[in-house]
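Here is what each chain is made of, one letter per residue.
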Amino acid sequence: VVKERLQVQSDLKSTYRGNLDALVTIYKSEGLRGVYKGYWATILSFGPFSGLFLMLNEELKVLAKGHFGIKSDKDIPFVMFMGVGASAGSIAAWTTNPLDKAKLRLQVQRSMQAASSNTP
């Protein structure tokens, strides 16, 4: 929550002086629950991303090995290995982006409400 609040603080018209100040301020105003706001959403978005990434990474390695006639994972060139991983990560991130956006909104929701109630 601290990282997300620091990232959006210019939109909130609040200024945290750093990580520790943000943590203390969130804890004082929202309690321990506010510090862990969106934690379960983080867990729920991390699972699908990881599963999708691992599945895509393995499938893309199989496709690459078949296309280039490579027999073993050890024989995959480094550049191809990086390309497969980057492709799998990109597809997984693109696919699970709505979950990540929901997580982010949950984590900054309380501070956004507070900022809007403080404006005249």
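Figured I'd write up the structure that's included with this text. (Residues numbered from 1 in each chain as written. Predicted model: local features only at pLDDT ≥ 70, side-chain atom pairs only at ≥ 80, totals over all residues. Heavy atoms only, no water.)

## With respect to the overall build of the chain
At step 1: A tally of helices and strands in the chain yields four helices and zero strands.
At step 2: Along the chain, helices (α) and strands (β) appear in the sequence α-α-α-α when read from the amino end.
At step 3: In the chain, buried positions account for 32% of the 120 residues.
At step 4: At a minimum sequence separation of 6, the contacts of the chain that also span at least 24 residues come to 64%.
At step 5: In the form shown here, the chain has an accessible surface area of approximately 8500 Å², with 64% of it arising from carbon and sulfur atoms. (Helix = DSSP H or I, 4+ residues; strand = E, 2+ residues; numbered from the N terminus. Buried < 20%, exposed > 50% of the residue type's maximum accessible area, 1.4 Å probe, protein only. Contact = heavy atoms within 4.5 Å. Areas by Shrake-Rupley, 256 points an atom, 1.4 Å probe, with all protein chains shown as cover.)

## Here's the deal with the side chain of Thr96
At step 1: Locating Thr96 in the fold gives a position in helix α4 (residues 78–118).
At step 2: Residue classification places Thr96 among the buried residues on the basis of a relative accessible area of 9%.
At step 3: Setting aside chain neighbours within four positions, we find Thr96 in contact with Pro48, Phe49 and Leu52.

## Describing helix α2 (residues 19–35)
At step 1: Between its first and last C-alpha atoms α2 spans 12 Å; for 17 residues at 1.5 Å apiece the expected length is 24 Å, and the helix comes up short by more than 12%.
At step 2: In α2, a bend of some 105 degrees at Ser29 exceeds every other bend along the element.
At step 3: The set of residues buried in α2 consists of Asp21, Ala22, Ile26, Glu30, Gly34 and Val35. (Expected span 1.5 Å × (residues − 1). Bend = angle between axes of the 7 residues up to and from the residue.)

## Topic: helix α3 (residues 39–68)
Given 3.6 residues per helical turn, the α-helix brings residues three or four places apart onto the same face.
At step 1: Here α3 is 30 residues long and its end C-alpha atoms lie 43 Å apart, about the 44 Å a rise of 1.5 Å per residue gives.
At step 2: Every buried residue of α3 is accounted for by Ala41, Ser45, Ser50, Leu56, Asn57, Lys61, Ala64 and Lys65.

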